[in-house]
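# Summary of the model geometry
These are the residues of each chain, in order.
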Amino acid sequence: MKYEEAIQKSLTVKWVVDTCQQGKECWCRVIRCEEPLMYKEREDSDEEEYWPVRSGEVGRDTVEHIVKIHNESIK
């Protein structure tokens, strides 16, 4: 799937809260899809996993709230 398709698909699947590269002790969190969504930028590129929030510039409480609201909205 293409990047734009991964974005659209991500809005229809459950999300989970994960830690950034710093681990549990860090204040921030990231959001990934419960089941990995793989996409390719170009035909000659490798597949990458799409994460709605890949870098951790969002506080843990905010991310948990966003994920809860998102998951409730797709039930």
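Here we summarise the structure given alongside this text. Treat the numbers as computed from the prediction; the structure is a model and nothing was measured. (Residues numbered from 1 in each chain as written. Predicted model: local features only at pLDDT ≥ 70, side-chain atom pairs only at ≥ 80, totals over all residues. Heavy atoms only, no water.)

Let's shift gears to the environment of valine 58. Among the secondary structure elements, valine 58 is positioned in strand E5 (residues 53-59). What makes valine 58 partly exposed here is its relative accessible area of 22%. Put simply, valine 58 and lysine 14 are 44 residues apart on the chain and 19 Å apart in space, counted from C-alpha to C-alpha. The residues contacting valine 58, other than those within four sequence positions of it, are Trp27, Cys28, Arg29, Val53 and Val63. (Helix = DSSP H or I, 4+ residues; strand = E, 2+ residues; numbered from the N terminus. Buried < 20%, exposed > 50% of the residue type's maximum accessible area, 1.4 Å probe, protein only. Contact = heavy atoms within 4.5 Å.)

Looking now at the sheet that holds strand E2 (residues 28-33). Pairing is antiparallel in the open sheet, where 3 strands are placed in the order E1-E2-E5. Lying at the two open borders of the sheet, with one neighbouring strand each, are strand E1 (15-19) and E5. Between one strand and the next, the sheet's axes are offset by a mean angle of 40 degrees, whatever the strand orientation. Bridge count for E2 against E5 is 3 bridges, and the pairing is antiparallel. (Pairing = 2+ DSSP bridges. Axes fitted to C-alpha atoms, helices over the stretch in contact; angles between N-to-C directions.)

Next up on the list: a negative patch on the surface. Together, Glu4, Glu5, Glu41, Asp46, Glu47 and Glu48 make up a negatively charged patch on the protein surface. Structurally, glutamate 41 can be placed in the loop between strand E3 (37-39) and strand E4 (48-50). Classification of glutamate 41 as partly exposed rests on a relative accessible area of 47%. (Patch = residues over 30% accessible without salt bridge, like charges linked within 9 Å, V, L, I, M, F, W, Y side chains within 5 Å. Areas by Shrake-Rupley, 256 points an atom, 1.4 Å probe, with all protein chains shown as cover. Salt bridge = Lys/Arg side-chain N within 4 Å of Asp/Glu carboxyl O. Lys, Arg positive; Asp, Glu negative; His and termini not counted. Charge placed at Lys NZ, Arg CZ, Asp CG, Glu CD.)

As a further point, take the pattern of salt bridges. Scanning the model with the defined rule gives 2 salt bridges in all. A salt bridge links arginine 32 to aspartate 18, with the shortest nitrogen-to-oxygen separation between them at 3.0 Å. Within this pair, whereas arginine 32 is found in strand E2, its partner aspartate 18 is found in strand E1, the two being separated by 14 residues in sequence. Arginine 42 is the salt-bridge partner of aspartate 44, the closest N and O atoms lying 3.0 Å from each other. For aspartate 44, a relative accessible area of 63% gives the class exposed.

Counting 10 residues, the largest nonpolar core is built from Ala6, Val13, Trp15, Ile31, Cys33, Leu37, Tyr39, Tyr50, Val63 and Val67. The set of elements that each furnish at least two residues to this core consists of E2, E3 and helix H2 (60-73). Beyond its immediate sequence surroundings of up to four residues, alanine 6 is in contact with Met1, Leu37, Tyr39 and Tyr50. Counting residues in hydrophobic clusters, the runner-up holds 5 residues, among them Cys26, Cys28, Val30 and Trp51. (Core = buried A, V, L, I, M, F, W, Y, C linked by side-chain atoms within 4.5 Å.)

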